[in-house]
Each structure stands twice: as C-alpha cells, then as structure tokens.
Amino acid sequence: MARAGAVEPRGGQRPAWANKLQYLLSCIGFAVGLGNIWRFPYLCQTYGGGLGCLTVSFLVSLYYNTVLTWVLWYLLNSFQYPLPWSSCPLDLNRTGFEAECQASSTVSYFWYRQTLNITADISDNGSIQWRLLACLAASWAVVYLCVIRGIESTGKAIYFTALFPYLVLTIFLIRGLTLPGAVKGLIYLFTPDVQVLWNPRVWLDAATQIFFSLSLALGGHIAFASYNPPRNNCEKDTVTIALVNSMTSLYASIAVFSVLGFKAANDHGHCLDRNTLHLINEFDFPDQSVSRGDYAAVLAHLNATQPERVARLPLEACRLEDFLDKSASGTGLAFIVFTEAILHMPGAPGWAVLFFSMLFTLGLSSMFGNMESIITPLLDMGVTHRFFPKEALTGLVCLLCFLLAICFTLQSGNYWLEVLDSYAAPLNLVMFAFLEVVGVTYVYGMRRHGSLCGRRSPTRAGCRPPASSCASCPHCGSRLWLLASCLPSAGGSRTPGRTGARSCRTEGPAEGRAGGGREDQPVCHLLREPDPITHLPRP
C-alpha cells in the first residue's frame, strides 16, 4: 500500500530486480570503483537519503565521468603499436625530440601535454580540448544507453561491468606474479611500518577510504534497495557488500603491487646500469665486465682504493626501497606509474587495452549508482508529469551533466576537477551522512521510522523492526538503519503498555500457511492514535 501523499510510480507498479544477483552486483559495482584500484594501494604504499544525496551524486557524476573520458582516450590510443606514450615526439623542425618530453618522461609528457594540454595554473582557463570533448560525449552516451530504463537496463549491463574487472584483475595478478620483482613488491605491501601506525593521520585516511569506498551517503544504495521485495534481508546484503568491497581492495592491491614491484626492480636495474657505465668509462674496464650483481662489490673496492676518483663521478643512490617508496595516487597511478610499468611488459598494447577497459567498466558500474540516485528521487517526487517518458527524463539529466562537465575539458579542467574532488563532494558526503543518522534518530524519531518499516514486514519479538524490514523502504538505507540503530532512540523507553509504546504477545500457530507449516508469530500492537505521517491504523 502506498504511503499517503506519495507519488505513485509511473505505470502504477514499481520496477523490481529480476533476481537477487542483479541487486548485489549493482551495489558491489557501485561501491567497487576506481578508488579500489588507485586509492587503496596508494594508502598502503604511503603508510605501509534525500535532496542532499541527490545534489552530491549530481556533483560527483559531473567529474567522475570526466575521469572515464580520460580513460576512454587512453583506451582508444592503446590500439596501436608502439604505444604513443612509449617515446617522445619529434620537435617542430623534426630534427630532434621535444625538449619538454626529454626533461620529464614520455608517460608524463603524454598525460600532461598530449592529453590534458594543461595550463600553468588554475587562473589560466585555456581552450577546450576537442578530443576530450568528443570522448566526454561518448562517455555520457554510453552511460545514457545503460541507464535509459533504470534497473531494467542497468540490471543487464551490470553482469558485464561488475564481473569483467575481476577477470582483468585476475589476469594481471597471474601475469604480475611471474614478473621479476613481484615478490619484493608484495613483501613491501604486507610489511607494516609500526612507527607510522602511531600517526593518527593513518587511521583518519583509513576511515576516509572505507567511507568513500562503500559510496556512503550518495543515495545509490538507498535507490537500489527501494526496488527490493519487502522481506529482503538487508543485514546479510550489507555484510556481503562490505566484505566484497574490502576484499576487492586487497585483491587489487596484490595485483597492482606485483606490477609496481616489477617496475621498481626494472628502474633499479636501469639505475645500476647507469652507474656501472660511469665506472667502466672512468676506470677503463672492459665493456660488460661489471654485472648488476657485481656492482656493489666493485664499488666498495674502488671506494676503498681510489675514493677521490669515485667521489667525482655522478653516481646515483640506487636502492630498491627508494623506488618502491615512490607514491602515486589517483590519476598519477593510473595514467603515469602503471602506464610506465605496462611499457616494460611484453605485448604492452594488449595489457594497456585490458587495463583501461577494466578502469572504464569499473567507473561505468559506479556511474550506474550515481545516476540511479539522481533519477529515482526525481521519479518518486513526481517532478515531471506521470506520462513524461522515463527515457526522456534520463536523457535530460545526462545532457545537463554533459553540458556542465564541458568545463573539465578546458586546459585548466584538471585543476577544477581536483578542487571539486577534494573539497566539494567529500565534505558534503560526511555532513549528509551525519545529518541522515541524526535526522532519522532524533528528528523523525526511531519509533515512527520503525513503524514505517514495520508495515512492510512483521516485527520480531522485542518490538524492534529488524534491519531486513527496511531493505525495500525508499526512505530506509541499510547503512542508515544500522547506524541509527546504534544510537539511543528519541522519545523515551519502549515499556509495553505506555502511551506511544508497543505491546507484544505471541499468538498461536498460524493457520493456512503455505506448505502447511506452523510457527508462533510475535505480534506488536501500537497503543496510540494513528501517526500523522505514517498513517498507521489502530490495532
């Protein structure tokens, strides 16, 4: 029965998931995103519902799909050999290589100059990069085609977008473990720095990571849960999604660090080669007479016998730990560090296609949740006529997001995206999550909240609705209920028999149950006038 005053869903019947797997994959795809690949490994490397949710989801969608624009650009450029970021381009006279590229690196030049064409600072907007604008339009077109009919279309696409990244991660893990240096990378990953653990910043970053990794307070989980059947067990779903999300972060870190260990070992070897060349030229050793394994012994001998000549050489400090310590997060890990590591792998273009395809599908599945948390409230609030096609509303939202996101295709777009990502969305998410819990517990009231959910599913003994009874309520997010249930309820105790409380008794065996089963049923009665909001009848 619809709540009084609520807007009936279009068509008179609310859509529903085809099966439980679609719902779980949608929630997992929404939670497991780009941050699991490039934010969680970075932290390991460094330290050893309502209008608010709709607004934040809208802001996040603007710049999140811009990241997919960059990923799509790299993906399209991966279908060529050699990869365009493997060497520096020729200068205007075509007599040498670009000086800016030689002064930095090939991967950095391709990212900052050939992709972003970034300006010196945020005050200089620059011009629109038309190649990025075309990729942005393509990304939003893909998102629109996938979310055009809500869960009816995303429920089918999620089978691929949620499961394909795990296949690619497994392929990278198997290949990474066979690369030289992979073991050193994994040892570095799982070796804690006890001194760093005393730093409160470590735990703050860890809490922030899991908060945003689960996509809390964005509204996507509430929107997805609203399509569940009334008796869905959201307690089990919540634990499942949280465990899968955390295990995915760990699984991705193993795959990433096996490749980063290979890159560190490769860079360490090149460093030794450069130093060895200096020793050979200075002391007239025969070519290839000093191997990487002999370098340390030869250098120690020369330092003991001819320290003055060794001191004049421009030798680098070649320590493997220093190369492993080089941290990169976000776009730096995806578009610079990992792309450079792929260059050293045999069949680099194929690995690049796999990697950027994985990133694109990861971001796409997260965009499903972001868009659902925008479209579902608009439909439920009835902002358009009931006969206005849902496909048209979805198209208008996607078009508006595309037009507003054009600013990120400017030469200064990366600066604005970082500002929005660092300050706008995170602060709002934390604030809205806090206000959700306080609002439900102390403003709306846990009794009315429980009564609203209790209409959709029988209560258990003790008169407190289980979390599973809230799984299909559009106003009851699973995370919100679990958080609010830990706080003291507003409105006093629940003593049976008092006005405003409930009285419970266990009735006899239920007759006529399907299958002939019998069991005692706890029944709770409300001992007060009908609630003006929930409109519950008298017992």
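Computed from a prediction, not measured in an experiment: that's the story for all the values here.

On to the overall build of the chain, then. Assigned secondary structure in the chain consists of 21 helices and two strands. Evaluated residue by residue, the chain yields a buried proportion of 48% over its 539 residues. When the accessible area of the chain is evaluated, it comes to approximately 25700 Å², of which 63% is carbon and sulfur surface.

For the pair helix α17 (residues 331-343) and helix α18 (residues 348-381), the least separation of the axes is 9 Å and the interaxial angle reads 150 degrees. Relative to α18, the element α17 lies roughly antiparallel. Taken as a pair, α17 and α18 cross one another with a handedness that is right-handed. For the pair α17 and α18, the contacting residues are A334, F335, F338, T339, I342 and L343 in the first and A348, W351, A352, F355, F356 and L359 in the second. Broken down by class, the residue content of the contact of α17 with α18 amounts to eleven nonpolar, one polar and no charged.

So, on to the state of the cysteines. One pass over the full model with this rule turns up two disulfides. Disulfide partner of C88: C101, at an S-S distance of 2.0 Å. For the disulfide bridge between C88 and C101, the dihedral angle about the S-S bond is near -80 degrees, and by the sign convention the bridge is left-handed. Note that C88 is positioned in the loop between α4 (51-77) and α5 (99-103) and C101 in helix α5, a separation of 13 residues in sequence. We note that C398 lacks a disulfide partner, and the nearest cysteine sulfur, in C401, lies 6.5 Å from it.

Let us look at the environment of A225. Mapping A225 onto the fold places it in helix α12 (residues 220-225). Residues A225 and D237, twelve residues apart in the sequence, show an inter-C-alpha distance of 9.9 Å.

Our focus in this paragraph is the packing of aromatic side chains. This structure, assessed with the given rule, holds 20 aromatic pairs. Arranged with centres 5.0 Å apart and planes meeting at 25 degrees, the rings of F160 and F164 form a pair that is stacked. Of the two residues, F160 and F164 both sit in helix α8 (residues 151-177), four residues apart, roughly one turn of that helix. Taking relative accessible area as the criterion, F164 reaches 17% and is therefore assigned buried. A connected cluster of aromatic rings, assembled from ring pairs, spans W70, Y74, W85, F110, W111, Y112, F172, F335, F338, W351, F355 and F356. In this arrangement the basic side chain of R131 is found over the ring face of W73, its NZ or CZ atom lying 5.7 Å from the centre.

Bringing the UniProt feature "binding site: Na(+)" (unreviewed entry) in the chain into the picture now. Per the UniProt entry, the sites bearing "binding site: Na(+)" (unreviewed entry) are G29, A31, V32, N36, S213, N245, L362 and S366 in this numbering. S366 sits in the buried class, given a relative accessible area of 4%.

Our focus in this paragraph is the pattern of salt bridges. Under the counting rule described, the total for this entry stands at ten salt bridges. As a salt-bridge pair, K263 and D267 come within 2.8 Å of each other at their nearest N and O atoms. Remark: D267 and K263 occur in helix α13 (residues 234-283); sequence separation between them is four residues, near one turn of the helix. When sorted by exposure, K263 lands in the same class as D267, which is buried. When salt bridges that share partners are traced, they join R149, E152 and E391 into one network.

The next thing to look at is a nonpolar patch on the surface. Taken together, the side chains of I122, W416, V419 and Y423 make up a nonpolar region of the molecular surface, amounting to roughly 390 Å² of accessible area. Among the secondary structure elements, I122 is positioned in the loop between α6 (106-115) and α7 (130-147).

Moving on, we come to the confidence of the model for the chain. Scored by pLDDT, the chain has a mean of 75; 75% of the residues are at 70 or more. Highest mean pLDDT in the chain belongs to α7 (94); lowest belongs to helix α21 (residues 478-484) (35). Low confidence marks residues 1-11, where pLDDT is under 50. Its contacts with residues over four positions away, or in another chain, come to 20 contacts. When the criterion is pLDDT under 50, residues 455-539 qualifies, and its contacts beyond four places in sequence or with other chains add up to 173 contacts.

Moving on: the packing of α6 against α17. For any two helices packed against each other, one specifies the crossing angle of their axes together with the interaxial distance. It is at 9 Å that the axes of α6 and α17 come closest, and there the two elements cross at 140 degrees. Between α6 and α17, the angle falls in the class oblique. By crossing handedness, the relation of α6 to α17 is classed as right-handed. Contacts from T106, V107, S108, W111 and Y112 of α6 reach α17 at T331, F335, I336, T339, E340 and L343. In terms of residue class, the contact of α6 with α17 is built from six nonpolar, four polar and one charged.

Attention now moves to α8. For an α-helix, the turn length of 3.6 residues means that residues three or four places apart are oriented alike. Here α8 contains 27 residues, and its C-alpha end-to-end distance of 38 Å stays within 8% of the 39 Å for a straight helix at 1.5 Å per residue. A157 marks where α8 bends most, by close to 40 degrees.

Moving on, we get to the nonpolar core. Counting residues in hydrophobic clusters, the biggest one holds 101 residues, and the most contacted among them are W140, I342, F355, F356 and M371. Top contributing element to this core by residue count: α18, with 18 residues. Here I342 is in contact with L83, A348, W351, A352 and F355, once residues within four sequence places are set aside. Core analysis: the second largest hydrophobic core is formed by 20 residues, L279, Y295, V298 and L313 among them.

With respect to the helices and strands, T161 occurs in helix α8. The class for T161 is buried, based on a relative accessible area of 3%. Among residues more than four places away in sequence, those in contact with T161 are T361, L364, S365 and F368.

Tracing the backbone through its elements, the reader meets L145 in helix α7. Sequence separation between L145 and A157 is twelve residues; the distance between their C-alpha atoms is 9.8 Å.

The next point concerns the side chain of S412. Assignment of secondary structure puts S412 in the loop between α19 (390-404) and α20 (413-454). Sequence-distant contacts of S412, that is, excluding residues within four places in its chain, are made with T119, I122, D124 and N125.

The end-to-end C-alpha distance of α17 is 17 Å, a good match for the 18 Å that 13 residues give at a rise of 1.5 Å each. Where α17 is concerned, the buried positions are G332, L333, A334, F335, I336, V337, F338, T339, A341 and I342.

What follows concerns unusual backbone geometry. With an omega of -5 degrees, the peptide bond between Y81 and P82 qualifies as cis. Mapped onto the secondary structure, P82 falls in the loop between α4 and α5. Of note in this structure, D284 is not a glycine but carries a positive phi near 55 degrees. Looking at the secondary structure, you find D284 in the loop between α13 and α14 (295-305). The backbone phi angle of Q288 is positive, close to 60 degrees, even though this residue is not glycine. The residue Q288 is located in the loop between α13 and α14 in this model.

Parameters at a glance
- Residues numbered from 1 in each chain as written.
- Predicted model: local features only at pLDDT ≥ 70, side-chain atom pairs only at ≥ 80, totals over all residues.
- Heavy atoms only, no water.
- Helix = DSSP H or I, 4+ residues; strand = E, 2+ residues; numbered from the N terminus.
- Buried < 20%, exposed > 50% of the residue type's maximum accessible area, 1.4 Å probe, protein only.
- Areas by Shrake-Rupley, 256 points an atom, 1.4 Å probe, with all protein chains shown as cover.
- Axes fitted to C-alpha atoms, helices over the stretch in contact; angles between N-to-C directions.
- Parallel < 35°, antiparallel > 145°, perpendicular 65-115°, else oblique.
- Left-handed = near helix turned anticlockwise from the far one by under 90°.
- Contact = heavy atoms within 4.5 Å.
- Nonpolar A, V, L, I, M, F, W, Y, C, P; charged D, E, K, R; others polar.
- Disulfide = S-S within 2.5 Å.
- Phe/Tyr/Trp six-rings, centres within 6.5 Å; stacked < 30°, edge-to-face > 60°.
- Lys NZ or Arg CZ within 6 Å of the ring centre and 35° of its normal.
- UniProt positions renumbered as here; feature names shortened; annotations may be inferred.
- Salt bridge = Lys/Arg side-chain N within 4 Å of Asp/Glu carboxyl O.
- Patch = residues over 30% accessible without salt bridge, like charges linked within 9 Å, V, L, I, M, F, W, Y side chains within 5 Å.
- pLDDT = per-residue confidence, 0-100.
- Expected span 1.5 Å × (residues − 1).
- Bend = angle between axes of the 7 residues up to and from the residue.
- Core = buried A, V, L, I, M, F, W, Y, C linked by side-chain atoms within 4.5 Å.

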